[in-house]
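Listed below are the residues making up each chain.
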Amino acid sequence: MTYEEVMQHLAEMGSEQTKKTLVNHGAREPFYGVKVGDLKKLVKPVKKDQALALSLYDSGVSDAMYLAGLTVNPKTITKEQLQSWVRAAYWYLLAEYTVASVAAESPWARELAMEWIRSPEEMIAACGWSTYANYLSITVDEQLDMDEVRGLLHEVRDRIHIEQNRVRYTMNGFLISAAAYVRELHEEAIEIAEVVGKVHVNVGNTACKVPLAAEYITKMAGMGKIGIKRKTCIC
């Protein structure tokens, strides 16, 4: 499948109703308004051509950029390409999901996560926290830097309510991820979640809600999911 063929398929799959919904979430032109479920129909043919996957992200078309994240090989994408990706991720779906999930499965997950967390740019910092949260969900505890993760948890406790809007959202997600996927830090993360309480995030004209970390963690514990790692965070 060629680049032109993929873009034609995306144009045909899009709808005005989905465009309206995605605009409320932060998408902007150019994009077609393709549902994620429909994007996944193109994963198999695109995945065979990594150059094609990279060119789709470079298109600047949000639907194509998301598809690129589903199809690119995170083990072979370069650090420079990921840096380019994060700079182009102008809204949260791309920053917190597409780029964060690919970066989390790349060889530079920790390095880039820590660099991006310190960025003054909201979307890049949000991507950093989401990258680290995803990294925790797929990495065995023995390979984690517990002191570093604990330090980030303390940062969440101390700074979450004064951070930028989407950064607050992803810091909350990091807190949940640490409690859910890292057994050693589970109890400490719960205590911090109780201190943090409700996190206020402006989600615009959408029905999105910010999960209450303590409740979410308790629910996962009740389902026996604490410490169970995911096989992949790309979805």
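Our subject in this report is the structure included herewith. Here the structure is a predicted model, which is why all the values come from computation and not from measurement.

1. Comments concerning the pattern of salt bridges
- Per the counting criterion, the structure on display carries twelve salt bridges.
- Notably, a salt bridge pairs Lys 229 with Asp 141, separated by 2.8 Å at the nearest N-O pair. Linking Lys 229 in the segment after helix 14 (213–222) with Asp 141 in the loop between helix 10 (122–138) and helix 11 (146–159), this pair joins segments that are 88 residues apart in sequence.
- When salt bridges with common partners are traced through the structure, they connect Asp 147, Arg 150, Glu 184 and Glu 188 into a single cluster.

2. Here's the deal with the packing of helix 12 (residues 165–181) against helix 13 (residues 186–196)
- Between helix 12 and helix 13, the shortest axis-to-axis distance is 8 Å and the interhelical angle comes to 150°. On the basis of their axis angle, the class for helix 12 and helix 13 is roughly antiparallel. Note on packing geometry: the crossing formed by helix 12 with helix 13 is left-handed. Contacts between helix 12 and helix 13 involve Leu 175, Ala 178 and Ala 179 on the former and, on the latter, His 186, Ala 189, Ile 192, Ala 193 and Val 196.
- A per-class count over the contact of helix 12 with helix 13 returns seven nonpolar, one polar and no charged.

3. Some details on the packing of aromatic side chains
- Using the criterion set out here, one finds six aromatic pairs in the structure.
- Between Trp 129 and Phe 174 the ring centres are 5.2 Å apart and the planes differ by 75°, which places this aromatic pair in the edge-to-face class. Note that Trp 129 is positioned in helix 10 and Phe 174 in helix 12, a separation of 45 residues in sequence.
- According to the relative accessible area criterion, Phe 174 is buried, its value standing at 0%.
- Taken together, the aromatic side chains of Trp 129, Tyr 132, Tyr 135 and Phe 174 make up a single cluster linked through ring pairs.
- One cation-aromatic arrangement involves Arg 166 over Tyr 92; the distance from NZ or CZ to the ring centre is 4.1 Å.
- A cation sits over an aromatic face here: Arg 166 above Tyr 169, 4.4 Å from the ring centre.

4. Thoughts on the nonpolar core
- Counting residues in hydrophobic clusters, the biggest one holds 43 residues, and the most contacted among them are Val 6, Leu 10, Leu 56, Leu 67, Trp 85, Val 99 and Trp 116.
- Elements supplying a minimum of two residues to this core: helix 1 (3–13), helix 4 (43–47), helix 5 (50–58), helix 6 (62–71), helix 7 (79–88), helix 8 (92–104), helix 9 (109–117) and helix 10.
- Ranked by the residues each element gives to this core, the list is headed by helix 8, at eight residues.
- In this structure Val 99 touches Tyr 57, Trp 85, Val 86, Ala 89, Leu 94, Trp 116 and Cys 127, once residues within four positions along its chain are discounted.
- By size, the runner-up hydrophobic cluster in this structure holds 41 residues, among which are Met 114, Leu 152, Leu 153 and Met 171.

5. Re helix 2 (residues 16–25)
- Those residues of helix 2 lying buried are Thr 18, Lys 19 and Leu 22. Across the axial projection of helix 2, the buried residues extend over an arc of 100°, all falling on one side. Residues of helix 2 that are exposed and angled more than 90 degrees away from the buried face: Glu 16, Gln 17 and Lys 20.

6. Considering unusual backbone geometry
- Omega for the peptide link from Glu 29 to Pro 30 comes to 0°, which places this bond in the cis form.
- Among the structural elements, Pro 30 can be located in the loop between helix 2 and helix 3 (36–39).

7. Here's the deal with helix 10
- Taking 1.5 Å per residue as the helical rise, helix 10 with its 17 residues ought to reach 24 Å, and the 25 Å between its terminal C-alpha atoms agrees with that figure.
- The element helix 10 is extensively covered by neighbouring structure, given that 15 of its 17 residues are classed as buried.

Scoring rules and cut-offs
- Residues numbered from 1 in each chain as written.
- Predicted model: local features only at pLDDT ≥ 70, side-chain atom pairs only at ≥ 80, totals over all residues.
- Heavy atoms only, no water.
- Salt bridge = Lys/Arg side-chain N within 4 Å of Asp/Glu carboxyl O.
- Helix = DSSP H or I, 4+ residues; strand = E, 2+ residues; numbered from the N terminus.
- Axes fitted to C-alpha atoms, helices over the stretch in contact; angles between N-to-C directions.
- Parallel < 35°, antiparallel > 145°, perpendicular 65-115°, else oblique.
- Left-handed = near helix turned anticlockwise from the far one by under 90°.
- Contact = heavy atoms within 4.5 Å.
- Nonpolar A, V, L, I, M, F, W, Y, C, P; charged D, E, K, R; others polar.
- Phe/Tyr/Trp six-rings, centres within 6.5 Å; stacked < 30°, edge-to-face > 60°.
- Buried < 20%, exposed > 50% of the residue type's maximum accessible area, 1.4 Å probe, protein only.
- Lys NZ or Arg CZ within 6 Å of the ring centre and 35° of its normal.
- Core = buried A, V, L, I, M, F, W, Y, C linked by side-chain atoms within 4.5 Å.
- Arc of directions from axis to C-beta.
- Expected span 1.5 Å × (residues − 1).

Fair warning: the whole summary comes from geometry, so function is off the table for now.
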